[in-house]
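Coordinates in review
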Amino acid sequence: QAVSMEVVNSICSFCSRMKRGRIYSCARREKYNVLAFGQHLDDLAESFLMSVFHNGLLRTMKAHYTIKEGDLRVIRPFVFVREKDLSSFAKGAPLPIIPENCPACFAEPKERERIKQLLA
């Protein structure tokens, strides 16, 4: 599966594509046609800067799209919501907050965390 992927510039993009592939497979198996992901405005800003700094490209995640195969639509309903607002809502609801984790870096500082600090 990884061999057939186009050029991948970082372990983060590789991991992201692998996770998305697993989610797409699960959605198909369960006969879903829309996936709602929880990325928020801060995620989009961080992804934009990571793309600029590491790939020299001006791009970020799309708010909604249909995947290349045409059978699944991806939506990101929180693209205009700040992370702090979602966190406040989750704590007051009370909803679980799942901490970020990276199977590749473990305790090392993650690039996204560095970008978060840059934007702070």
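Reading the values: rules and limits
Residues numbered from 1 in each chain as written. Predicted model: local features only at pLDDT ≥ 70, side-chain atom pairs only at ≥ 80, totals over all residues. Heavy atoms only, no water. Helix = DSSP H or I, 4+ residues; strand = E, 2+ residues; numbered from the N terminus. Buried < 20%, exposed > 50% of the residue type's maximum accessible area, 1.4 Å probe, protein only. Areas by Shrake-Rupley, 256 points an atom, 1.4 Å probe, with all protein chains shown as cover. Expected span 1.5 Å × (residues − 1). Contact = heavy atoms within 4.5 Å. Pairing = 2+ DSSP bridges. Axes fitted to C-alpha atoms, helices over the stretch in contact; angles between N-to-C directions. pLDDT = per-residue confidence, 0-100. Core = buried A, V, L, I, M, F, W, Y, C linked by side-chain atoms within 4.5 Å.

Our next topic: the overall build of the protein chain. A tally of regular secondary structure across the protein chain gives 4 helices and 3 strands. Each helix (α) and strand (β) of the protein chain, taken in turn from the N terminus, gives the series α-β-α-β-β-α-α. Per-residue burial for the protein chain yields a buried fraction of 22% across its 120 residues. Surface exposure of the protein chain reaches about 9000 Å², of which carbon and sulfur atoms provide 59%.

Another aspect to go through is helix α2 (residues 41-55). Look at α2: 21 Å from first C-alpha to last across 15 residues, which is about the 21 Å you get at 1.5 Å a residue. All buried positions along α2 are accounted for by Asp-42, Asp-43, Leu-44, Glu-46, Ser-47, Leu-49, Met-50 and Ser-51. Packed against the buried residues of α2 are α3 (83-92) and α4 (111-119). Where α2 ends, the next residue or the one after it, Gly-56, has phi of about 70 degrees, a positive value.

With that settled, consider the side chain of Asp-43. Its place among the elements puts Asp-43 in helix α2. Once residues lying within four places of it in the same chain are set aside, the contact partners of Asp-43 are Gly-38, Met-61 and Arg-112.

Here we take up the sheet that holds strand β3 (residues 73-75). As summarised here, the arrangement of the 3 strands in space is β1-β3-β2, forming an open sheet in which the pairing is mixed. Edge positions in the sheet fall to β1 (34-36) and β2 (64-66), since each of these pairs with one other strand and no more. For this sheet, the mean angle separating the axes of adjacent strands, direction not counted, is 15 degrees.

Let us look at the confidence of the model for the protein chain. Any segment with low pLDDT has predicted coordinates that should not be analysed in fine detail. Mean pLDDT over the protein chain stands at 85; residues scoring 70 or higher make up 82%. Taken together, the stretch residues 1-5 has pLDDT below 50 and engages in 5 contacts with residues farther than four places along the chain or on a different chain.

Tyr-24, Ala-27, Leu-35, Phe-37, Ile-67, Leu-72 and Val-74 together form the largest nonpolar core, which totals 7 residues. Not counting chain neighbours up to four residues away, the residues in contact with Val-74 comprise Tyr-24, Leu-35, Phe-37, Ala-63, His-64, Tyr-65 and Ile-67.

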